[in-house]
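Understanding the architecture of this molecule
In case you want the letters, here they are:
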Amino acid sequence: MVELRARWDDLLPGSASLADDLVGRYVDRNRRAYRDQYLNIVLTALDSLIQLSTDPTSVRLAAWFHRAVHEPGGTPPEDAEASARLAEELLPQYGVPSIRVAEVARLIRLTGDLAAPPPDSYAPPRRDANGDVLLDAVNAILASDPTRYAVHTAEVRRDAGERKAALEHRYDEVGDLLDGHLYRTQLARQRLGQVARLNLESELAGLDSELPAPWRGWQQAGLTATATFGAISAAVVAIAASGASWQIPTAQDEVGWPTVALAVVSFLSAPVLFRCARSASQRARLIAGTVLAIAVTGLLVAWAQTPKTNEAVGVGLRVPLLISALILLLIASAAALVASLLRTRTARFLPARNLGQQLAWLAAPVAIALALLLIVQPLSRGYVLSSNERIEGSPRTAGRASPSVLDGTVAWVSDSIVGSGAEEAIGTAYGIALPRPDGVVEMLDAATGALRWRYSRSDSDEKPVITATGGGEYVLALFADVGYLLLDANTGRRKAAWPSHTRDRFVQQSMPLLTGERDGKLHGVDPSGHERWTYESGDCTDLNAIATAETVLAFVTHTCDEQPDELTALDVQTGKKLWTRTSTTSYRRPVVVAGLVVVAEPGGDSDVPAALTAIEPRTGDIRWTWKVPPSWACRTLLNAAGKYLIVVDCPGPSSVESRKTVVTAIDANTGLTAWQTVAPVSPRMKVTVTADGRVVSLGEAANGCAVNVISSTGFRQVRIPTGIVCGRDPRAVGNLVLTSGPGTVIALR
């Protein structure tokens, strides 16, 4: 205390009582921090820096007053404000000029914020010499003897109140100080900076051991995990890319070593990037930056070498997979570089393992795996789908076809359609769709036969299988090695592509859309490809189904045991089971007529059923049963035509070759025969049924090719013009009858 009192001598003449008052404040027994030892260190440091100030007296007075007022738990701003007011009150009583009092108060208030100076403090726009000297002197406590510094920090934390909050506050405060320059003047940096930084780092290490740290370091761990697993994922995707083609068809000179090389580089980069992410050395950053440059260069080269698509050449799956692998490697190297840049000298005080870091190490690979499944895979498939498709033609208003009256004349002839015929045509709301070889679907105007649009793919060289769905609004096309694509029937544009696994399914029914799998699963699917529900019939079962607008009937056959077959009804929208029952009869050839499901009951080994049964799908009730004449001898064909079920067979007997065809129309509402016609037409001819119930076939006549028409009014045969291939099957689209010419489709008037 005597030594401290001696420092006041000659500072302010005639102010011994003021000196005694100030010293008494610092040695007060109720004060737990910022005591006389603290003030002595500040004043000692000030003696070595005072020559840098412009008003030494004001600086010294400010140093004496800056902690003159201190309450337990008081913050530096509170202490500085209270101490400045004390100086403004007492100094004028001892003859201190008002201008100096104001300067002292200003300097005291500066000590309320002892944060590290900003990075540009070496050359600030306007120097505050007095303030810099005072603040550096106040911060000299940071460079005191380690034992004295430890005592000071313990006093400060004890004075702050609640222990955990004080520790957390001091931890953040020390971290902020270490991130700055600590001192504002060059002289203080040279004399005090190194020792102060060692003291602060030692304090930070002690605080770290005392503080609970369940989350600290999760950012660093997340970046390190991303760098490691990102590189591993890049290797996995590169290996997958090596098994795909760069272009379709595969070029003879196509090489596969780039993908193998990328896989090797990515795999070897994983441990290297792991070490780089955990190091703050210049070498680690250089290595991570090199891997980053390799990934960027690879991306540019891959993008430049992407095949140019045309009708004969398409983009293979290797292109998006290789680009995805390079992007993953880029992300991994960037994560390692960022982790290295963020890693400071304080990083060694991070806990070795805690909950946050463990969760980060778990979350990073999970996020990468989800990205591969939910982002990389769909984007790669979408890129290939978009790059390899072309749409030709400018859609115009679709015409409406006039019903074929079958008078022996032609309504229209299409342009050349090589490799396709009328038997593969399907009707839509906007025309007649035809599949062609080499992955092409064409839409013809139903009124004129003119081409409305053509959809083609470079990555499919086989004829697609097409069906109409969505009430004729869409064409569902199954392309080999591509999957199911949904095309807008009006424009030809692809509206949806089903997920890749749907290529292993088969279409059970196109309206409503049902798909099945060979492992006993049935799926209700929207036209967009969205799966509404899944029904599983169990192991060792064969599953077939048919649907009305509201109900699905599933026919389940057990193949591995002797359990009876089952018939189950499901709601077509929700898949909810409505009813189920066992059946001793294996129903065949189901067809939907007027909201009922009509099935054929087998009649022994013959293709002729014993009876036709109409089932009410919502309840399972049998609406009616129609006995098939036992004399019928051919395979019975069932077709729906409005409210009628059209049944085509031959009158038999089976012991004699039949040369006639019998057509029967059954009213679906009553199960009664509406009309029946026997015609001198060979039952071996392929027939088609129009929407109004006419059964049409083509056959050789005395004067060439003729069309056979069997209807409620009887039988008639009409000769048709030359140019129609009589050996190819006709096709009814609504009430329009289509036939085939050499490379054309012909509509009959």
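Use the structure listed above.
Residues numbered from 1 in each chain as written. Predicted model: local features only at pLDDT ≥ 70, side-chain atom pairs only at ≥ 80, totals over all residues. Heavy atoms only, no water.

A look at the overall build of the chain
Condition: Only runs of H or I of at least four residues qualify as helices and only runs of E of at least two qualify as strands under DSSP, and these elements are numbered from the N terminus. Computation of the radius of gyration draws on C-alpha atoms alone. For the globule rule, the value is 2.2 Å times the number of residues to the power 0.38. Whether a residue is buried, partly exposed or exposed follows from its accessible area with a 1.4 Å probe, protein chains only, as a fraction of its type maximum: under 20%, in between, or over 50%, in that order. Should any heavy atoms of two residues lie within 4.5 Å, those residues are considered in contact. Reported accessibility uses the Shrake-Rupley method at a 1.4 Å probe radius. Residues are deemed covered only where the shown protein chains occlude them. By the counting scheme adopted, Arg and Lys are positive, Glu and Asp are negative, and His together with the chain ends is not counted. Charge placement uses NZ in Lys and CZ in Arg. For Asp and Glu, CG and CD serve respectively.
Regarding its fold elements, the chain presents 15 helices and 35 strands. For a compact globule of 749 residues, the expected C-alpha radius of gyration is about 27 Å, and the chain comes in at 45 Å, more than 25% above that figure. When the backbone C-alpha atoms are referred to their principal axes, the chain occupies close to 145 × 60 × 50 Å. In the chain, buried positions account for 49% of the 749 residues. Intrachain contacts of the chain at a sequence separation of at least 6 include 57% that bridge at least 24 residues. When the accessible area of the chain is evaluated, it comes to approximately 35,000 Å², of which 55% is carbon and sulfur surface. Of the side chains in the chain, 73 bear a positive and 77 a negative charge, and the two mean positions are spaced by 3 Å.

Some points on the nonpolar core
A general feature of soluble globular proteins is that nonpolar side chains tend to end up buried together. Put simply, the rule is: The set of buried Ala, Val, Leu, Ile, Met, Phe, Trp, Tyr and Cys residues whose side-chain atoms join them within 4.5 Å is what this entry labels a nonpolar core.
In this structure, W8, W64, F65 and L91 are the most contacted members of the largest nonpolar core, which totals 62 residues. Of all elements in the fold, only α2 (16-26), α3 (36-49), α4 (56-65), α5 (76-90), α6 (98-110), α7 (129-138), α9 (163-178) and α10 (186-210) reach the threshold of two or more residues within this core. The leading source of residues in this core is α3, at eight residues. A270, A302, V319 and A336 belong to the second-largest nonpolar core, a separate cluster that totals 33 residues.

Quick look at the sheet that holds strand β29 (residues 687-689)
Two strands in a sheet stick together by hydrogen bonds in their backbones, pointing the same way (parallel) or opposite ways (antiparallel). Using the following cut-off: Paired strands, in this sense, are two strands between which DSSP finds at least two bridges. Helix axes are fitted to C-alpha atoms over the stretch in contact, other axes to C-alpha atoms as well, and angles between N-to-C directions run from 0 to 180 degrees.
Ordered by their spatial adjacency, four strands build an open sheet running β29-β30-β31-β32, and the pairing between neighbours is antiparallel. Only two strands of the sheet have a single neighbouring strand rather than two, namely β29 and β32 (714-719). On average, each strand axis in the sheet is tilted by 25° relative to the strand beside it, whichever way the strands run. Where β29 and strand β30 (residues 695-701) come together, three bridges link them in antiparallel fashion. Its bridge partner being in β30, V687 is matched across the sheet by S697.

A word on the state of the cysteines
Our working definition: Note on terminology: disulfide denotes any pair of cysteine sulfur atoms within 2.5 Å.
For the structure on display, the rule yields two disulfides. There is a disulfide in this structure between C705 and C726, and the S-S distance comes to 2.2 Å. On the S-S bond that ties C705 to C726, the torsion sits near 80°, and the link is right-handed. Of this pair, C705 sits in strand β31 (residues 704-711) while C726 sits in the loop between β32 and β33 (731-733), and the two are 21 residues apart along the sequence. Across this residue pair, the class does not change: C705 and C726 are buried.

Side note on the layout of surface pockets
Worth spelling out the cut-off: Site definitions follow a grid-based scheme: protein atoms alone, a 1 Å grid, a 1.4 Å probe that fits but cannot get out for cavities, and for pockets an open set with protein on both sides within 12 Å along at least five of seven lines, plus lining residues having an atom within 4 Å of a point. Grid points are joined across faces, edges and corners, and a volume is the space filled by probe spheres set on the points. The nonpolar class holds Ala, Val, Leu, Ile, Met, Phe, Trp, Tyr, Cys and Pro. Asp, Glu, Lys and Arg form the charged class, and all remaining residues, Gly among them, are polar.
Size it by volume and the largest pocket reaches roughly 1,200 Å³. Split into classes, the residues belonging to the lining of the largest pocket amount to 16 nonpolar, 10 polar and four charged.

Here we look at the packing of aromatic side chains
Worth spelling out the cut-off: A pair of aromatic rings is counted whenever rings of Phe, Tyr or Trp (Trp by its six-membered ring) have centres within 6.5 Å, and the orientation is called stacked for planes under 30 degrees apart, edge-to-face for over 60 and tilted otherwise. In this analysis the charged atom, NZ for Lys or CZ for Arg, is taken to sit over a ring once it is within 6 Å of the ring centre and within 35 degrees of the ring normal.
Across all of its chains, the model carries six aromatic pairs by this definition. Measuring from ring centre to ring centre gives 5.0 Å for Y34 and Y38, while their planes differ by 80°; the resulting arrangement is edge-to-face. A residue is classified by how much of its surface remains accessible, and Y38, at 5% relative accessible area, is buried. An angle of 75° between the planes, with centres 6.0 Å apart, marks the rings of F229 and W361 as edge-to-face. Here F229 is found in helix α11 (residues 218-242), whereas its partner W361 is found in helix α15 (residues 355-387), with 132 residues between them in sequence. Members of the aromatic cluster, connected to one another through ring pairs, are F229, F274 and W361. The ring of Y34 carries R67 above its face, with NZ or CZ at 3.7 Å from the centroid.

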